[in-house]
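Here is how the chains run, residue by residue.
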Amino acid sequence: MRKRIPKILVTGGAGFIGSAFVRLILGDCRRGGLNLPYGSVIIADKLTYAGDLKRLAEVEGKFKFYKTDICNRKQIETIFAREKPDIVVHFAAESHVDRSINDASPFIETNIKGTQILMDTSRKFGVKKFIFISTDEVYGEIANGKFDENSPVKPNSPYAASKAAADLLAQSYIRTYKFPAIIIRPSNNYGPWQYPEKLIPLAILKIIGCGKVPVYGKGLNVREWLYVDDCARGILAVMNKGATGQIYNLGSACESKNIDTVKLLLRTLGVSQDRFEFVKDRLGHDIRYSLDSKKLYQKLGWRPIVKLAQGLKFTVDWSLKHQGWLKSKLGDINKLYNK
Ligand code: NAD
Ligand code: TDX
């Protein structure tokens, strides 16, 4: 008898990481994809400023799309009643720390309330696996050493606090209802199609526009950089082989100070090393994130493939070919950073 193909509902599938995951699962098996047939991938996305269907152009016609707000319980229940998903992969979120510092409200709504509504609806309709995309930021900062999955949650920004609240709510549903959730905590992603509010695409956009890259403080903050396609493969490994009720860190172990990341990026772009400026620091700026991802490496056999220098090269090549897309976000970015 042929195995039934599971139906996968992806929230935030028009976003940066969600779209990479959708392109992977709808893509070629030889490239690690699942080549899923039409009808088995359903995307629910509000198409906020951060959502863009252009990211899905290469798999157009291969997925069903619902423009919806995850905070709208009625609409979400209607979608679940119609589609009866087996698996939910939940990416949808407000994702930018600087915006959360300007106004936490949409973060509380989407990241906390939206996650609650999705989990309630998943329980009601008997979803078999609910993958929640959390973040390394739930742990807060760490000057030395690494966070493993048992480290306490101590978020610092309003964004991180909203993600930690949702992460803890998922843990409470696991314990209380035996809810079949799996929590993934990825480190900083970068790569094609990232919205140019985040450091790497913002820096590229500045250089394309003949400006300088704004580096917060003295550029000493450390991030663990994960190429987005590696992240998508990690999430797929968890979806296929992860145990429900578990938490998995998803990091690259590739740490870099912001100033070094920016200088490497400037080299990759082939421009002078002085095309950056130190600017006012972010409020409450976390000094360093660092994940121990042994659990995922050892139990699920996932490994990141793309090293930072190579990933930046891919990202720069892609950006130079997609300058029109990056520049189309310039008005919004200027508004965000009050230019
Ligand atoms: P993104 O901002 O690029 O995309 C978010 C997507 O969610 C967009 O398509 C947006 O339209 C959609 N969305 C927002 N609010 C919604 C709502 N109320 N209802 C329905 N859809 C809504 O984000 P990303 O960088 O792709 O991040 C995806 C997930 O991964 C998020 O949960 C984020 O917290 C997490 N994460 C991101 C990173 C990173 O480095 N980008 C690292 C760790 C974890
Ligand atoms: O202009 C800038 N200059 C600068 O120095 C910007 C936008 C950022 N930075 C610094 C702040 C951080 O130390 O660069 C680092 C990276 O900043 P972001 O790209 O804004 O990412 P970060 O704040 O680290 O959060 C990211 O990683 C975890 C994602 O945005 C989150 O969604 C994810 O959960």
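Residues numbered from 1 in each chain as written. Chains lettered and ligands numbered in written order. Predicted model: local features only at pLDDT ≥ 70, side-chain atom pairs only at ≥ 80, totals over all residues. Heavy atoms only, no water.

Considerations on the overall build of the protein
Point 1. The helix and strand inventory of the protein stands at 12 helices and 13 strands.
Point 2. Relative to a compact globule of 339 residues, whose C-alpha radius of gyration would be 20 Å, the protein shows 19 Å and is just as compact.
Point 3. Taken over 339 residues, the protein has a buried fraction of 57%.
Point 4. Excluding contacts between residues fewer than 6 apart, the proportion of contacts in the protein whose partners are at least 24 apart in sequence is 80%.
Point 5. With the model as given, the accessible surface of the protein reaches about 15000 Å², and the carbon-plus-sulfur share is 53%.
Point 6. In the protein, which carries 54 positive and 33 negative side-chain charges, the distance between the mean positions of the two groups comes to 4 Å. (Helix = DSSP H or I, 4+ residues; strand = E, 2+ residues; numbered from the N terminus. Rg over C-alpha atoms; globule rule 2.2 N^0.38 Å. Buried < 20%, exposed > 50% of the residue type's maximum accessible area, 1.4 Å probe, protein only. Contact = heavy atoms within 4.5 Å. Areas by Shrake-Rupley, 256 points an atom, 1.4 Å probe, with all protein chains shown as cover. Lys, Arg positive; Asp, Glu negative; His and termini not counted. Charge placed at Lys NZ, Arg CZ, Asp CG, Glu CD.)

Things to note about the site of ligand 2
Point 1. Around ligand 2, 23 residues are found, and the nearest of them are Thr 135, Glu 137, Tyr 159, Arg 282 and His 285.
Point 2. Tyr 159 has a polar side-chain atom sitting 2.5 Å from an oxygen atom of ligand 2.
Point 3. Between an oxygen atom of ligand 2 and a side-chain N or O atom of Arg 282, the distance comes to 2.6 Å.
Point 4. About the coverage of ligand 2: the protein hides 94% of its 650 Å² of free accessible area. (Near = heavy atom within 4 Å. Polar contact = N/O pair within 3.5 Å; in protein donor to acceptor, adjacent residues only side chain to side chain.)

Quick look at the site of ligand 1
Point 1. Taken together, 28 residues sit near ligand 1, with Ile 17, Asp 45, Ser 95, Tyr 159 and Lys 163 positioned nearest.
Point 2. Between an oxygen atom of ligand 1 and a side-chain N or O atom of Asp 45, the distance comes to 2.6 Å.
Point 3. Contact distances for ligand 1 include 3.4 Å between an oxygen atom and a backbone N or O atom of Leu 47.
Point 4. Within the complex, the protein chains bury 97% of what would otherwise be the 830 Å² of accessible surface of ligand 1.
Point 5. For the shell around ligand 1, the secondary-structure elements that each account for two or more residues are helix H1 (16-26) and helix H5 (158-177).
Point 6. The residue makeup of the shell around ligand 1, split by class, is 12 nonpolar, 12 polar and four charged. (Nonpolar A, V, L, I, M, F, W, Y, C, P; charged D, E, K, R; others polar.)

Looking at the environment of Pro 158
Point 1. Mapping Pro 158 onto the fold places it in helix H5.
Point 2. Relative accessible area serves as the criterion here: at 30%, Pro 158 is assigned to the partly exposed category.
Point 3. Here the alpha-carbon distance between Pro 158 and Arg 99, two residues 59 residues apart in the chain, equals 9.3 Å.
Point 4. Aside from chain neighbours lying at most four places away, what touches Pro 158 is Ser 100, Ile 101 and Ala 104.

As for the pairing of strand E4 (residues 87-90)
Point 1. With burial as the criterion, each face of E4 is covered, one bearing Ile 87 and Val 89 and the other bearing Val 88 and His 90.
Point 2. Where strand E1 (residues 8-11) and E4 come together, four bridges link them in parallel fashion. Its bridge partner being in E4, Thr 11 is matched across the sheet by His 90.
Point 3. As paired strands, E4 and strand E5 (residues 129-133) are joined by four bridges and run parallel to one another. The residue of E5 that forms the bridge with His 90 is Phe 132. (Pairing = 2+ DSSP bridges.)

Describing the pairing of E5
Point 1. Among the five residues that make up E5, five are buried, leaving the element largely enclosed by the rest of the structure.
Point 2. On E5, burial covers both faces: Lys 129, Ile 131 and Ile 133 on one face and Phe 130 and Phe 132 on the other are all buried.
Point 3. Pairing analysis gives four bridges linking E5 to strand E6 (residues 181-186), with the strands arranged parallel. Bridging across to E6, Ile 131 finds its partner in Ile 182.

Considering the side chain of Lys 198
Point 1. Structurally, Lys 198 is set in the loop between strand E7 (189-190) and helix H6 (199-208).
Point 2. A polar side-chain atom of Lys 198 sits 3.0 Å from a polar atom in the side chain of Ser 95.
Point 3. Not counting the four nearest positions on each side in its chain, Lys 198 is found in contact with Ser 95 and His 96.

Comments concerning the pattern of salt bridges
Point 1. Counted according to the given criterion, the structure contains 18 salt bridges.
Point 2. Here Glu 255 makes a salt bridge to Arg 288, at a shortest N to O gap of 2.9 Å. Of this pair, Glu 255 sits in strand E12 (residues 255-257) while Arg 288 sits in the loop between strand E13 (276-279) and helix H9 (294-300), and the two are 33 residues apart along the sequence.
Point 3. Using a relative accessible area of 13% as the deciding quantity, one classes Arg 288 as buried.
Point 4. Among the charged side chains, a network of salt bridges with common partners joins Arg 99, Glu 197, Lys 198 and Asp 332. (Salt bridge = Lys/Arg side-chain N within 4 Å of Asp/Glu carboxyl O.)

Details of the packing of H6 against helix H10 (residues 308-321)
Point 1. It is the contact of H6 with H10, at a shortest axis distance of 11 Å, that shows an interaxial angle of 50°. Considered as vectors, H6 and H10 are oriented oblique to each other. When you trace H6 past H10, the crossing you get is right-handed. Together, Ile 200, Ile 204 and Ile 208 of H6 and Leu 312, Thr 315, Val 316, Ser 319 and Leu 320 of H10 make up the contact between the two elements.
Point 2. For the contact of H6 with H10, the per-class residue count stands at six nonpolar, two polar and no charged. (Axes fitted to C-alpha atoms, helices over the stretch in contact; angles between N-to-C directions. Parallel < 35°, antiparallel > 145°, perpendicular 65-115°, else oblique. Left-handed = near helix turned anticlockwise from the far one by under 90°.)

What to know about the nonpolar core
Point 1. Judged by nonpolar contacts, the single largest core of 38 residues is most densely connected at Phe 21, Val 41, Val 89 and Ile 235.
Point 2. Core analysis: the second largest hydrophobic core is formed by 25 residues, Ile 207, Ile 208, Leu 266 and Leu 269 among them. (Core = buried A, V, L, I, M, F, W, Y, C linked by side-chain atoms within 4.5 Å.)

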